[in-house]
Amino acid sequence: MLGLTILVGFYFLGYVLHSAAHIPLPANVIGLILFTACLFLKLVKLEWVEDAGEFLIRHMLLFFIPFVVGTMVFFHYIGIYAVQLLVSLFASTAGVLLVAGWTVKLINRKGGKQRESR
């Protein structure tokens, strides 16, 4: 129970920071960044949150039910715009893969030059 309390506490801390400081990130992302930083700084021990994390991951499918139900409301529009949706889905996926590949290639090329100069 302590682990779940810690995880929810970091979420609420992210929510407070998001609301007070108007940080342009979602509250859950802010909380996750703070939680990760505290794990690396050894302020929070992994053993404290491990059981709660395993429980949440084991039941993760339940968190997608609202999304699927919400999608069913717009099922008619999905059918009408299916071609456009599929084209944009495949184009954006290909674009991300290309950019990621080129970025890794560029980083490796620069890293190789630095190693050779040493």
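Worth saying up front: this structure is predicted, and the values here are computed from it rather than measured.

Participant: Which parts of the structure should I look at to understand the packing of aromatic side chains?
Facilitator: Aromatic ring pairs are described here by two measures, namely the spacing of the ring centres and the angle between the planes. Taken as a whole, this structure holds three aromatic pairs when the rule is applied. Here the aromatic rings of Phe10 and Phe35 are separated by 5.3 Å at their centres, their planes lie at 65°, and the arrangement is edge-to-face. Of this pair, Phe10 sits in helix 1 (residues 2–21) while Phe35 sits in helix 2 (residues 27–40), and the two are 25 residues apart along the sequence. Given the relative accessible area of 11%, Phe10 is considered buried.

Participant: Help me out: how do you make sense of the environment of Ala37 in this one?
Facilitator: Within the secondary structure, Ala37 is located in helix 2. In sequence terms Ala37 and Leu7 are 30 residues apart; their C-alpha atoms lie 13 Å from each other.

Criteria and cut-off values
Residues numbered from 1 in each chain as written. Predicted model: local features only at pLDDT ≥ 70, side-chain atom pairs only at ≥ 80, totals over all residues. Heavy atoms only, no water. Phe/Tyr/Trp six-rings, centres within 6.5 Å; stacked < 30°, edge-to-face > 60°. Helix = DSSP H or I, 4+ residues; strand = E, 2+ residues; numbered from the N terminus. Buried < 20%, exposed > 50% of the residue type's maximum accessible area, 1.4 Å probe, protein only.

All quantities given are derived from atomic positions and should not be read as evidence of function.
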